[in-house]
Amino acid sequence: MNQHLLRRIAAAALFALLLPALILLGNTYLTQLDTFAYATVADMGERSDIEMAIVGSSVAQFHFNPEIITEATGLNTFCATITNLRLPGAIALTEQLFETNSPEWVVLVVEAYTFDMTMEDPQTQMKLAPLLKSPLRRARYYWDTATQDGQYIDRLLLMNGFGFSSMDDVMKSVRLRSDWRAALAAAETELDGTMRYIDGYVRLEEPMIGRALADGMERFETGYYYDLFDYSRQRLLDFRALCEAHGAKLLVAVSPTLSANTLFDPCYLPYVESACRFLRENEIPCINMLYAKPELMPNLDDMYVDPHHLHGDGADIMSAAFAKAFNMLTAGEDISPLFHYNSWHYLQAIDYITNVWAHAEAVQGGWQLTADCNRGATVIPEYRYALLLADGSEETLRDYSGDPVFTVPQAALDRGSVRVYARCAGDISSAVFTDTTVLPPEESD
């Protein structure tokens, strides 16, 4: 074999050896960093006193106040969370948690969107992967995510999609790596107090929009059968095995969400139901805060800052309720009376309407409007149609009726626009209306 060929083989071998190291370095040091993700993982790694770890996505990050839970349970609590985290990332993050901590309990927080797909959000991988210390763990996390969506190259080369785009990104990375606490404090100041970090928990102090968020959430049906993917089932069992291997007990908690969200999205309750059945079958304890009765937790719909996340005051209420249920469960008490058993009981208990809408169709001489609303299973709705005039006053076009269909003459629409009301039959105090007026679409040419 000639020397030239040997040199080429040696160069190729050297490149093959260096390439993984170069990718690892690039994905670590040339990829953007998320401030709260970095602070959470860095904080977690500097601690060894975590007795209860809350693991999950933003619904864990924003809803579980560790200070309240620690005080109520006596267990030092920490939130190991990354926004949009799904099961692959939860396993990788929890593996790293066990390197420095030996929690008695690991609480995996889930929602319907934990299970509606098996793939990890690429941005979540971008936030978590650079913070995983073990190259082997990072490689397993990469393989787990890439095999689910086939994006082998994009997920391998994070710096291509999420590399530094400005000098600000570079300086942010430098500040976080040199002094993450100072960088976090600066970020909180820049956010003007709307987000505050506490032991992995991020407290939201944004304005509570509450029930107004329901406007526009029009229920739709798909006819699909929503059930846990086999992958999700296996990863839940893998997560339990991981906890047991490190002497920790696994508890799954279902986070609450805005009532209108559970009513309008056809996948939401079925995925929650499927997960709860699977957990019961495999004897994994679960506290389903979505199904909490008023005896444990009041309706929190007024306390949301967006359709999925609670204001800090709402998170405090939810955390206290969770801690109460946890204490009862671990003391061997029956917590089932505090929760609706399944989605049927949950929907039976919703005795109100969250929002209303109407669709328009052109007919001879006007527009036919068909109203509908999101409501509980036993609610019988009535609809009222009114003409909203330019000065803000209203004229009743049709008083409350169980018939959702009403034809508005074009002559009326020339004077104003239509507002639709809905209420529970005969209950004058339950009326809701569209926050924006219902404007029939322009007739097509």
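Residues numbered from 1 in each chain as written. Predicted model: local features only at pLDDT ≥ 70, side-chain atom pairs only at ≥ 80, totals over all residues. Heavy atoms only, no water.

Below, the discussion takes up the side chain of T28. Looking at the secondary structure, you find T28 in helix α1 (residues 3-29). Among the residues examined, T28 registers a relative accessible area of 8% and is labelled buried. Within polar-contact distance, the side chain of T28 engages the side chain of R138 at 2.6 Å. Discounting chain neighbours no more than four positions away, the residues touching T28 are P130, R138 and R177. (Helix = DSSP H or I, 4+ residues; strand = E, 2+ residues; numbered from the N terminus. Buried < 20%, exposed > 50% of the residue type's maximum accessible area, 1.4 Å probe, protein only. Polar contact = N/O pair within 3.5 Å; in protein donor to acceptor, adjacent residues only side chain to side chain. Contact = heavy atoms within 4.5 Å.)

Inspection of the entire model under this criterion finds 12 aromatic pairs. Both rings, one in W143 and one in Y152, keep their centres 5.6 Å apart while their planes meet at 50°; by these two values the pair is tilted. Since its relative accessible area comes to 34%, Y152 is described here as partly exposed. Summarising the aromatic geometry, the rings of Y224 and Y226 are spaced 6.1 Å apart at their centres and angled 70° between planes, so their arrangement reads as edge-to-face. (Phe/Tyr/Trp six-rings, centres within 6.5 Å; stacked < 30°, edge-to-face > 60°.)

Moving on, we come to the nonpolar core. If you look at the biggest cluster of nonpolar residues, it comprises 72 residues, and the most contacted ones within it are V55, L108 and F239. Considering each element in turn, this core owes the most residues, 8 residues, to helix α14 (residues 268-281). Discounting chain neighbours no more than four positions away, the residues touching F239 are V55, A90, I91, T94, V106, L108 and L250. If you look at the next biggest cluster of nonpolar residues, it comprises 40 residues, including I69, L213, M217 and L258. (Core = buried A, V, L, I, M, F, W, Y, C linked by side-chain atoms within 4.5 Å.)

Once that is clear, we can look at helix α2 (residues 35-45). Most of α2 sits inside the fold, with 10 of its 11 residues counted as buried. Within α2, the full set of buried residues consists of T35, F36, A37, Y38, A39, T40, V41, A42, D43 and M44. The distance from a side-chain oxygen at the start of α2 to the backbone nitrogen of F36 is 3.3 Å, and the residue carrying that oxygen is D34.

Here we come to the sheet that holds strand β1 (residues 52-56). Across the sheet, 5 strands lie side by side as β2-β1-β3-β6-β7; this open sheet has parallel pairing. Two strands bound the open sheet, and with one partner strand each, they are β2 (77-81) and β7 (286-288). Between one strand axis and the next, the sheet turns by 20° as a mean value, whatever way the strands run. Of the pairings in the sheet, the one linking strand β3 (residues 105-110) to strand β6 (residues 249-254) comprises 6 bridges and is parallel in character. Looking at the pairing, V110 lines up with V254 of β6. Each of β6 and β7 is contacted by α14, which is oriented at about 155° to β7, the strand it contacts most. (Pairing = 2+ DSSP bridges. Axes fitted to C-alpha atoms, helices over the stretch in contact; angles between N-to-C directions.)

We now examine the packing of helix α5 (residues 87-100) against helix α12 (residues 230-245). Relative to each other, α5 and α12 sit at 5°, their axes nearing to 10 Å. Taken as axis vectors, α5 and α12 run roughly parallel relative to one another. Only Y231, S232, R235, L236, D238, F239, L242 and C243 of α12 make contact with α5, whose side of the interface consists of L87, P88, A90, I91, T94, E95 and F98. Tallied by class, the residues present in the contact of α5 with α12 amount to 10 nonpolar, 2 polar and 3 charged. (Parallel < 35°, antiparallel > 145°, perpendicular 65-115°, else oblique. Nonpolar A, V, L, I, M, F, W, Y, C, P; charged D, E, K, R; others polar.)

Residue placement: R240 occurs in helix α12. Residue R240 is classed as partly exposed on the basis of its relative accessible area of 23%. Distance from R240 to K324, taken between C-alpha atoms, is 23 Å for residues 84 residues apart in sequence. Look past the residues within four positions of R240 in its chain and what remains in contact with it is L250, N282, E283 and I284.

For the structure on display, the rule yields 26 salt bridges. Salt-bridge contacts for R137 lead to E95; the nearest nitrogen and oxygen are separated by 3.1 Å. Highlighted residues: R137 in helix α7 (residues 135-149) and E95 in helix α5, separated in sequence by 42 residues. For the pair R137 and E95, one class covers both residues: buried. Note that R140 and E95 form a salt bridge whose closest N and O atoms lie 3.2 Å from each other. Highlighted residues: R140 in helix α7 and E95 in helix α5, separated in sequence by 45 residues. (Salt bridge = Lys/Arg side-chain N within 4 Å of Asp/Glu carboxyl O.)

Even without a glycine there, the phi angle at N84 is positive, about 65°. The phi dihedral of D192 is positive, around 60°, even though this residue is not glycine. Within the secondary structure layout, D192 lies in the loop between α11 (180-190) and β4 (195-198). Judged by relative accessible area, which is 69%, D192 ranks as exposed.

Now for the sheet that holds strand β14 (residues 432-433). Here we have 4 strands laid out as an open sheet, ordered β11-β10-β13-β14, and antiparallel in their pairing. Strand pairing shows two members of the sheet lacking a second neighbour, β11 (394-401) and β14, which therefore form its edges. Of the pairings in the sheet, the one linking strand β10 (residues 381-388) to β11 comprises 5 bridges and is antiparallel in character. Across the sheet, L387 pairs through a bridge with E395, a residue of β11.

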